[in-house]
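Each chain, letter by letter, is given below.
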Amino acid sequence: MARHRRLPPLVALRAFEAAARHESFRKAADELAVTPTAISHQIRLLEEILGLALFVRRTRQVALTEAGLRLYPTLRDGFDGFARTIAALRPHAGRSAVTLSATTLFTARVLLPALGTFQALHPDCNLRLHASDEVADLGAGVADIAVRYGAGPFAGPVAEALLTDRFGILCSPRLGLSAPADLRHVTLLHTEWKRRAGAPDWRQWAGLAGMDDLHVAEGPRFTEDGHALQAAIAGHGAAIASLVLARAEIEAGLLVNPFGPVIEGATYHVVAMPEALASADVSAVRDWLKAIVAPV
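Overview of the overall build of the protein
Step number 1: From N to C terminus, the protein includes nine helices and ten strands.
Step number 2: In terms of overall size, the protein is more extended than a compact globule, its C-alpha atoms giving a radius of gyration of 24 Å where 296 residues would be expected to give roughly 19 Å.
Step number 3: Along the first, second and third principal axes, the C-alpha set of the protein runs to 85 × 50 × 30 Å.
Step number 4: Across the 296 residues of the protein, 41% fall into the buried class.
Step number 5: Looking at the protein alone, contacts between residues at least 24 apart form 76% of all its contacts between residues at least 6 apart.
Step number 6: Of the roughly 16400 Å² of accessible surface on the protein, a fraction of 54% belongs to carbon and sulfur atoms.
Step number 7: Within the protein, one finds 30 positive and 30 negative side-chain charges whose respective centroids are separated by 6 Å.

Description of a nonpolar patch on the surface
Step number 1: Nonpolar side chains collect at one region of the surface, where I49, L50 and L52 lie side by side and expose about 250 Å² of accessible area between them.
Step number 2: Tracing the chain through its elements places I49 in helix α3 (residues 36–50).
Step number 3: Note on I49: relative accessible area 45%, which makes it partly exposed.

Quick word on unusual backbone geometry
Step number 1: The amide bond that connects G260 to the next residue, P261, takes the cis arrangement and shows omega of 5°.
Step number 2: Within the secondary structure layout, P261 lies in the loop between α8 (247–251) and β10 (263–272).
Step number 3: Positive phi, normally seen in glycine, also occurs at E23, with a value near 55°.
Step number 4: Turning to its location among the elements, E23 is positioned in the loop between α1 (10–22) and α2 (25–32).

Things to note about the packing of α1 against α3
Step number 1: Axis separation between α1 and α3 bottoms out at 8 Å; the angle between their running directions is 110°. Between α1 and α3, the angle falls in the class roughly perpendicular. Taken as a pair, α1 and α3 cross one another with a handedness that is left-handed. Residues V11, A12, L13, A15, F16 and A19 of α1 lie in contact with α3, whose contacting residues are I39, Q42, I43 and L46.
Step number 2: A per-class count over the contact of α1 with α3 returns nine nonpolar, one polar and no charged.

A word on the environment of A63
Step number 1: Relative to the helices and strands, A63 is located in strand β2 (residues 61–64).
Step number 2: Sequence separation between A63 and A19 is 44 residues, and the spatial gap between their C-alpha atoms is 9.5 Å.
Step number 3: Excluding anything up to four places from it in sequence, A63 contacts L54, F55, V56 and R58.

Examining the pattern of salt bridges
Step number 1: Scanning all chains against the criterion turns up eight salt bridges.
Step number 2: Across the pair R57 and E47 runs a salt bridge, and its minimum N-O distance is 2.9 Å. In this pair, R57 sits in strand β1 (residues 55–58) while E47 sits in helix α3, placing the two residues ten residues apart along the sequence.
Step number 3: On the accessibility criterion, R57 (33% relative accessible area) is partly exposed.
Step number 4: Looking at E47, the relative accessible area reads 10%, which means it is buried.
Step number 5: A salt bridge links R76 to D77; the nearest nitrogen and oxygen atoms lie 3.1 Å apart.
Step number 6: Judged by its relative accessible area of 30%, R76 is partly exposed.

Let's talk about the nonpolar core
Step number 1: The biggest cluster of nonpolar side chains holds 29 residues, and the ones touching the most others in it are L100, F106, V285, W288 and L289.
Step number 2: Secondary structure elements with two or more residues in this core: β3 (96–102), α5 (104–121), β4 (125–131), β5 (145–149), β6 (158–170), β10 and α9 (280–292).
Step number 3: No other element matches α5, which puts seven residues into this core.
Step number 4: Leave out the neighbours within four places in its chain, and W288 touches L100, L111, A114, L115, T117, F118 and L127.
Step number 5: Among the nonpolar cores identified, the runner-up in size contains 20 residues, and A18, A19, L32 and I43 belong to it.

Basis of the calculations
- Residues numbered from 1 in each chain as written.
- Predicted model: local features only at pLDDT ≥ 70, side-chain atom pairs only at ≥ 80, totals over all residues.
- Heavy atoms only, no water.
- Helix = DSSP H or I, 4+ residues; strand = E, 2+ residues; numbered from the N terminus.
- Rg over C-alpha atoms; globule rule 2.2 N^0.38 Å.
- Buried < 20%, exposed > 50% of the residue type's maximum accessible area, 1.4 Å probe, protein only.
- Contact = heavy atoms within 4.5 Å.
- Areas by Shrake-Rupley, 256 points an atom, 1.4 Å probe, with all protein chains shown as cover.
- Lys, Arg positive; Asp, Glu negative; His and termini not counted.
- Charge placed at Lys NZ, Arg CZ, Asp CG, Glu CD.
- Patch = residues over 30% accessible without salt bridge, like charges linked within 9 Å, V, L, I, M, F, W, Y side chains within 5 Å.
- Salt bridge = Lys/Arg side-chain N within 4 Å of Asp/Glu carboxyl O.
- Axes fitted to C-alpha atoms, helices over the stretch in contact; angles between N-to-C directions.
- Parallel < 35°, antiparallel > 145°, perpendicular 65-115°, else oblique.
- Left-handed = near helix turned anticlockwise from the far one by under 90°.
- Nonpolar A, V, L, I, M, F, W, Y, C, P; charged D, E, K, R; others polar.
- Core = buried A, V, L, I, M, F, W, Y, C linked by side-chain atoms within 4.5 Å.

The structure is reproduced here in structure tokens:
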């Protein structure tokens, strides 16, 4: 005789798993397309059924209790298993699809210019570019593979270093800069880095170059690094920027790195869940990424 399972409602378990994974009721609500109040209601229902508190509620933040920490891995692995099996059962069309996530600037400056080479090499694979400055949740199926910037380690995914970022002076060749002293006569363009913690600025560069008398606080400021590069291309001044992300402009002669020093930044990694790399198409995307990011 078949044994009946006594389980809480699936909707409550799903709400708990999403909230635990995001450590946020709001983000769980966004993922499940419901309101944060609905998530809170389902989790309270689950807590009442279990007779245990699963979260410690704090201002704008929630944390798992000991009971929640015990329950979460089981549900996470279970839902991941559901997703993999259901994906494998679905009939596939003639062309497969792989979603690659990267920051908006990396997508625009590195991936888009090289997209044609991927299509030529893999005409039967539709590559979908997910451009976002939020970290894509690979375990939740937001993307199959991603490019991440930082020191790591990255929990869950398999990570492989692609290349290390390098920062230096970039300006239009029309400015005719040939030595650090020339910077005293041009406008310094500043980027308020919001996606690269610890990225270099003019003060750090001037210290390494032995130019402590450079007026590094002066000049226009940009909240988008791409806008600073456009100002540099237009000849409005010199910027400290990523030589990796400005590669196309450097190769086209629109920007030059007239002199050093060059400052090493963090490392770009290609990351994917182990089960995703079992797909030949995901592995093909990883190999393509490694091919297009040869050091500048």
